[in-house]
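# Observations on chain architecture
Residue-level listing of the chains:
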Amino acid sequence: KQEVTQIPAALSVPEGENLVLNCSFTDSAIYNLQWFRQDPGKGLTSLLLIQSSQREQTSGRLNASLDKSSGRSTLYIAASQPGDSATYLCAVRPAETSGSRLTFGEGTQLTVNP
Amino acid sequence: GAGVSQTPSNKVTEKGKYVELRCDPISGHTALYWYRQSLGQGPEFLIYFQGTGAADDSGLPNDRFFAVRPEGSVSTLKIQRTERGDSAVYLCASSLSIEFREQFFGPGTRLTVL
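Residues numbered from 1 in each chain as written. Chains lettered and ligands numbered in written order. Predicted model: local features only at pLDDT ≥ 70, side-chain atom pairs only at ≥ 80, totals over all residues. Heavy atoms only, no water.

## Some details on the overall build of chain B
Across its full length, chain B holds zero helices and 11 strands. When the helices and strands of chain B are placed in sequence order, the string is β-β-β-β-β-β-β-β-β-β-β. Each of the three principal axes of chain B carries a C-alpha extent, and together these read 40 × 25 × 25 Å. Counting over 114 residues, chain B shows a buried share of 46%. (Helix = DSSP H or I, 4+ residues; strand = E, 2+ residues; numbered from the N terminus. Buried < 20%, exposed > 50% of the residue type's maximum accessible area, 1.4 Å probe, protein only.)

## Here's the deal with the environment of E106 of chain A
Among the secondary structure elements, E106 of chain A is positioned in the loop between β10 (103–104) and β11 (108–113). Sequence-wise, E106 of chain A and P94 of chain A are 12 residues apart; in three dimensions their C-alpha atoms are separated by 18 Å. If we ignore the near neighbours within four places in the chain, the residues touching E106 of chain A are Q6 and L89 of chain A together with G40, Q41 and G42 of chain B. (Contact = heavy atoms within 4.5 Å.)

## Some thoughts on the side chain of Q37 of chain B
On the secondary structure map, Q37 of chain B appears in strand β4 (residues 31–37). Note on Q37 of chain B: relative accessible area 9%, which makes it buried. Polar contacts involving the side chain of Q37 of chain B include one to the side chain of Q38 of chain A, which spans 2.9 Å. Not counting chain neighbours up to four residues away, the residues in contact with Q37 of chain B comprise Q38 and L89 of chain A together with G42, P43, A88, V89 and L91 of chain B. (Polar contact = N/O pair within 3.5 Å; in protein donor to acceptor, adjacent residues only side chain to side chain.)

## Considering the interface of chain B and chain A
In this complex, chain B contributes 23 residues to the contact, which on the side of chain A involves 22 residues. Taking both sides of the interface into account, the surface hidden between chain B and chain A amounts to around 1,700 Å²; carbon and sulfur atoms contribute 47%. Put simply, chain B and chain A have one salt bridge between them. The partner of R101 of chain A in a salt bridge is D56 of chain B, with the nearest N and O atoms 3.5 Å apart. Our count for the contact surface shared by chain B and chain A stands at five residue pairs in polar contact (both at pLDDT 80 or more). (Buried area = accessible area lost by both parts, 1.4 Å probe. Salt bridge = Lys/Arg side-chain N within 4 Å of Asp/Glu carboxyl O.)

## A few points about the sheet that holds strand β8 (residues 75–79) of chain B
All names here are of chain B. Spatially, the four strands line up as an open sheet ordered β1-β3-β8-β7, and their pairing is antiparallel. Of all strands in the sheet, those with a lone pairing partner are β1 (5–7) and β7 (65–68), marking the two edges. Going from strand to strand, the sheet's axes swing by 15 degrees on average, the running direction of each strand aside. In the sheet, β1 pairs with strand β3 (residues 19–24) via three bridges, with the strands oriented antiparallel. Looking at β3, one finds that T7 is bridged to R22. (Pairing = 2+ DSSP bridges. Axes fitted to C-alpha atoms, helices over the stretch in contact; angles between N-to-C directions.)

## Let's talk about the nonpolar core
Counting residues in hydrophobic clusters, the biggest one holds 22 residues, and the most contacted among them are F25, L33, W35, L75, I77, Y88 and L110 of chain A. Contacts of F25 of chain A, omitting those with residues within four sequence positions, involve Q2, E3, V4, I30, L33, L66, D67, K68, G71, R72, S73 and V92 of chain A. Counting 20 residues, the second-largest nonpolar core is a separate cluster that includes V19, W34, L46 and Y90 of chain B. (Core = buried A, V, L, I, M, F, W, Y, C linked by side-chain atoms within 4.5 Å.)

Everything listed here is a matter of geometry and, on its own, says nothing about what the molecule does.
Take a look at the structure:
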């Protein structure tokens, strides 16, 4: 059974700092990995999706890397801003063709202080 | 056009009652997913549909939970004889197809069972 772990559970940083969020998964047979942002009381917003054949994806100040063999992904946020404060979730999709469910980690709650 | 929508946004019910939660996917998306998110946890998979049929319902916790998608668009998640442990945010997502990679999430329905 796939298990996804995110470290740290919570992180508080001053504005402008670069930071890294970590995600690990136990079964390396994944189709892709997706990073989401969730604001309090809201749904999930997709940030980046990395296919299993890819090493990284970038969008603006965000960069996500994937090391499938070691079961790890990182989300790098450059020059953090107070508006980045949210919970960040990673999720993996299994590799088998019939599988489409996402398995989520418990999230990292990020607070960026002005 | 619009993203995934879910109604109601909040639902308060009494233990033992029946509830229905509705999801309107993005127009043209053939795959639809239901997840449940408890406080402080990541979302957990419940069921997904490809068209009208449930392709995988292995995440439904017990036979009190049932979901339908009769015309391959709108889906309804039905919970019978609600229990306090059913209290959670129920999230719906859709994707262009099961093969298409990215899932787009709605804002969720917060269910509270008193």
